[in-house]
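Structural overview for review
Residue-level listing of the chains:
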Amino acid sequence: MQSNRREFLRAAAAGMAYAAGLRSAANDGLIEVLIDEPIATIAPEIYGHFVENLGGVVYDGIWVGEDSKVPNIGGLRKQLVEALRRVSPPVIRWPGGCFADSYDWRDGVGPRDKRPKRTNFWAGAGEWPKNARRAGPQHYDPNQFGTIEFTRFCKATGAQPYFAANLRGSTAQDFDRWVEYCNAPAGATTLADQRAADGEREALDVRYWGVGNEAWGCGGSFTPEDYATEFLRFTAWVPGYNVPLAFVGSGPNGNDLDWTQRFFTKVEQKGELGRMWGWSMHHYAWNASGGRTSDWSAGKGDALRFDAEQYYEILREAYQMDSFITSQWTAMGERDRRHHVKLVVDEWGAWYAPGTEPFAEALLGQQSTMRDAVLAGLTLDTFNRHADKVGLAAVAQLVNCLQSLFFAHEDQFCVTPTYHVFDMYKSHQGARSLRTMTGAPAISYPRHEGTGTLVGLSCSASLRGKTLTLTVTNPSLDQAREVEIALRGATATSAKTVTLAAADPHAHNSFANPHAVEPREEALQGSGARLTHRFPPASVTKLELSLV
Ligand code: AHR
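So, here's what we can say about the structure. (Residues numbered from 1 in each chain as written. Predicted model: local features only at pLDDT ≥ 70, side-chain atom pairs only at ≥ 80, totals over all residues. Heavy atoms only, no water.)

**Brief notes about the overall build of the protein chain**
The line we're drawing: Strands are runs of DSSP state E lasting at least 2 residues, helices are runs of H or I lasting at least 4, and numbering of each runs from the N terminus. Burial classes: relative accessible area under 20% of the type maximum marks a residue as buried, over 50% as exposed, and values in between as partly exposed (1.4 Å probe, protein chains only). The contact criterion used throughout is that any non-hydrogen atoms of two residues lie within 4.5 Å. In this description, accessible areas are obtained by the Shrake-Rupley approach with a 1.4 Å probe, and a residue is regarded as covered only by the protein chains that are shown. In this tally, Lys and Arg are treated as positive and Asp and Glu as negative; His is ignored, and so are the chain termini. Where a charge sits is defined by one atom per residue type, namely NZ (Lys), CZ (Arg), CG (Asp) or CD (Glu).
A count of helical and extended segments in the protein chain gives ten helices and 25 strands. With the principal axes as the frame, the protein chain shows a C-alpha extent of 70 × 55 × 50 Å. Considering the protein chain as a whole, with its 548 residues, one finds that 61% of them fall into the buried category. The long-range share in the protein chain, meaning contacts at least 24 apart out of those at least 6 apart in sequence, stands at 78%. Of the accessible surface of the protein chain, which amounts to about 20200 Å², a share of 48% is contributed by carbon and sulfur atoms. Side-chain charges of the protein chain comprise 55 positive and 62 negative groups, with the mean position of each set lying 3 Å from the other.

Rendered as structure tokens:
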């Protein structure tokens, strides 16, 4: 039996999502949860977030200022802080993205009224809505939200900070000094004194440091070898101040294996793999064209108006995450044989064409529908299943941007369906990921170029004590699935479910209609080692089972 399961897993990894033998006769799907086959502990940091100083993410989104009429905690939007806290964010990445490689951290410290104004990296982007006001903080950064404000935001929400350092536009010494400003003990150095004068006497103990961002692109257009040299220069002998610094290298665009292999080869030849904690990877689901084009602008679809082909194409792009993780991990392992370095997927989500911004200054702002909730479910399940490989991840981006959890503008605020998915999935954080096997007919759909296929069901399971969390995504646009859930190695005494679904997959929340998409809870009928549940189309479901 064990070897049959292994066979199945191998086949599934090769893309065969449906094994006829695994489909229950009475139902149109089967999920087996192998209680005695743990994969690894799910790093809470997999449920991380990304905040870039871009459009309406920081200014208006998070930072409203202490004198604002919008309720705030020391300038931070109160409603957002409280809602984010509820989903237990483990880590937040800042200040970019591409912005990071233009940022001088010194601009964002010291008295706020003395900080310089700088042109934002994104000021000249082609995606700005025509009616966006061009004179505000989104274009000319007043630096009111700097190191202290960001780390206070992290503290207020319960998250750890993850800084992205400027590699393209600053020096290794600037980097050292930023670490010193953050982490040197109180009273020890001039920069520690400056931090105290800025309101934080105790060290900020920042552990995670990204060394540049997208070094193959906006981060400097490096070759992997040249970037490896810079990475080693930036990370050599950086004092840790008793914090085990975790350096993250700027990894590939999507699944670029050449970038990974060449970087790892060079760092290994120098004998310095031990210097790295993580290797970042960015993967956006953006091409909805069905094979018509691979052009970055022309290939994108609309966030709200989509047909079946566009719906499935975005989910299919997102689901590539699964194979990307496996192949990047294999490429890393060619040099890092003991897999000391973790994968860090610090930008992921859907990226649509401009046109659905919640307000004009929200550059790259896009609406977020049930399709995006399904995308989030598929992706988080993927990370859970690869808990042995992924050490941290960050959805892009927190508010008013790409796949956001929130929209916030002046005194208006709402959460998106993606927010609800993070809320439902938070019980996986720090639990033991368990192996699952899924049998359901793969989805086939017509696309411009041939026929597209997508997994029929996606899931992940984790165990904490006697509580099993099973999350299941049904990506089918129109088919509910009656699924048998078989627990191998335990029985359930009680179960409850939380389901996020809507009659129409285009459903979304907005300032005018903030509760259009909300999860609903119910008790699950049945107990024992076999249960049956019906998963509605385009839905994300969490089942929580008490085991004996
Ligand atoms: O998230 C938006 C941008 O996408 C980031 O700045 C960059 O890292 C990526 O290309």
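The rest of the description comes next.
**Here's the deal with the pattern of salt bridges**
This is how the line gets drawn: Throughout this description, the term salt bridge denotes a Lys or Arg side-chain nitrogen within 4 Å of a carboxyl oxygen of Asp or Glu.
Scanning all chains against the criterion turns up 33 salt bridges. Between D104 and R106 there is a salt bridge, with its nearest N and O atoms 4.0 Å apart. Its relative accessible area of 36% is what places R106 among the partly exposed residues. Connected through salt bridges with shared partners, the residues E66, R112, R115 and E149 form a single ionic network.

**Brief notes about the sheet that holds strand β13 (residues 390–396)**
What holds strands together in a sheet is hydrogen bonding between their backbones, with the strands either parallel or antiparallel. Which entries qualify depends on this criterion: A strand pair is defined by DSSP finding two or more bridges across the two strands. The axes are straight lines fitted to the C-alpha atoms, using for helices just the contacting stretch, and the angles between their N-to-C directions are given from 0 to 180°.
Around the barrel, which closes on itself, the eight strands sit in the order β2-β5-β8-β9-β10-β11-β12-β13 with parallel pairing between neighbours. Direction aside, the axes of adjacent strands within the sheet are offset by 25 degrees on average. Two elements, strand β5 (residues 91–94) and strand β8 (residues 160–165), share four bridges in a ladder whose sense is parallel. What sits directly across from I92, in β8, is P161. Set on the sheet, helix α3 (residues 147–157) makes contact with β5 and β8; between it and β8 the angle comes to about 150 degrees.

**A few points about the state of the cysteines**
This is how the line gets drawn: When the sulfur atoms of two cysteines come within 2.5 Å, that pair is taken as a disulfide.
Under the definition given, this model contains one disulfide. Across the disulfide, C98 is cross-linked to C218 (sulfur-sulfur distance 2.2 Å). Handedness here is read from the sign of the S-S torsion; for C98 and C218, about -85 degrees, the answer is left-handed. With C98 in the loop between β5 and β6 (118–119) and C218 in the loop between β9 (208–211) and α6 (224–235), this pair connects stretches of sequence that are 120 residues apart. Under the relative-accessibility criterion, C98 is labelled buried at 12%. Free cysteine: C182, not disulfide-bonded; nearest cysteine sulfur from C154 at 11 Å.

**Topic: the site of the ligand**
Under the convention used in this document: Neighbouring residues are identified by heavy atoms, a residue being near a molecule or strand if any of them is within 4 Å of it. In protein, a polar contact requires one atom able to donate a hydrogen and another able to accept it; more generally it is a pair of N or O atoms within 3.5 Å, and residues adjacent in sequence count only if both atoms are side-chain atoms. The residue classification treats Ala, Val, Leu, Ile, Met, Phe, Trp, Tyr, Cys and Pro as nonpolar and Asp, Glu, Lys and Arg as charged. All others, Gly included, are polar.
If you check the shell around the ligand, you find 13 residues, and the closest are E52, C98, E214, Y284 and E347. The separation between an oxygen atom of the ligand and a polar side-chain atom of E52 is 2.7 Å. Here an oxygen atom of the ligand and a side-chain polar atom of E347 are 2.7 Å apart. Burial of the ligand by the surrounding chains reaches 93%, relative to a free accessible area of 280 Å². For the shell around the ligand, a count of residues per class yields six nonpolar, four polar and three charged.

**Topic: the sheet that holds strand β20 (residues 467–474)**
Sheet architecture is open: nine strands sit in the order β23-β22-β25-β20-β19-β16-β1-β21-β24, paired in mixed fashion. Each end of this open sheet is capped by a strand with a single partner; those strands are β23 (520–523) and β24 (530–535). Direction aside, the axes of adjacent strands within the sheet are offset by 25 degrees on average. Where strand β21 (residues 481–488) and β24 come together, six bridges link them in antiparallel fashion. The residue bridging E484 from the neighbouring strand is T532, located in β24.

**Digging into the pairing of β21**
Counting buried positions over the eight residues of β21 gives six, a clear majority of the element. Direction of pairing for strand β1 (residues 30–41) relative to β21: parallel, over a ladder of five bridges. Bridge pairing links L30 to E484 in β21.

**Some points on the packing of aromatic side chains**
Applicable threshold: Centres within 6.5 Å make a pair out of two Phe, Tyr or Trp rings, where for Trp the six-membered ring is used; the pair is then stacked when the planes are under 30 degrees apart, edge-to-face when over 60, and tilted otherwise. Only Lys NZ and Arg CZ are tested; either one counts as a charge over a ring when it is within 6 Å of the ring centre and within 35 degrees of the ring normal.
One pass over the full model with this rule turns up 40 aromatic pairs. Look at F175 and W209: their rings are 5.6 Å apart centre to centre, the planes differ by 75 degrees, and that puts the pair in the edge-to-face class. Here F175 is found in helix α4 (residues 172–183), whereas its partner W209 is found in strand β9, with 34 residues between them in sequence. Taking 5.0 Å as the distance between ring centres and 80 degrees as the angle between the ring planes, the aromatic pair formed by Y311 and Y312 counts as edge-to-face. You'll find Y311 and Y312 in the same group, each marked buried. Looking at R93, its charged tip hangs above the ring of F50, at a distance of 4.7 Å from the centre.

**Remarks on the packing of α6 against helix α7 (residues 257–269)**
Short version of the rule: Note on terminology: angles under 35 degrees are roughly parallel, angles over 145 are roughly antiparallel, angles of 65 to 115 are roughly perpendicular, and the others are oblique. Crossings are classed by handedness, with left-handed meaning an anticlockwise turn of the near helix from the far one by less than a right angle and right-handed meaning a clockwise turn.
At a minimum axis distance of 8 Å, the contact between α6 and α7 shows a crossing angle of 45 degrees. Judged by the angle between their axes, α6 and α7 are oblique. As α6 runs across α7, the sense of the crossing is right-handed. Counting all contacts with α6, which are made through P224, E225, Y227, A228, T229, F231 and L232, the residues of α7 involved are W259, R262, F263, K266 and V267. Across the contact of α6 with α7, the residue classes tally to eight nonpolar, one polar and three charged.

**Here we look at the side chain of N213**
Considering the arrangement of structural elements, one finds N213 in the loop between β9 and α6. One polar contact links N213 to R93, side chain to side chain, over a distance of 2.8 Å. With residues near it in sequence (within four places) discarded, N213 still touches R93, G97, C98, D101, C218, G219, S250, H282 and E347.

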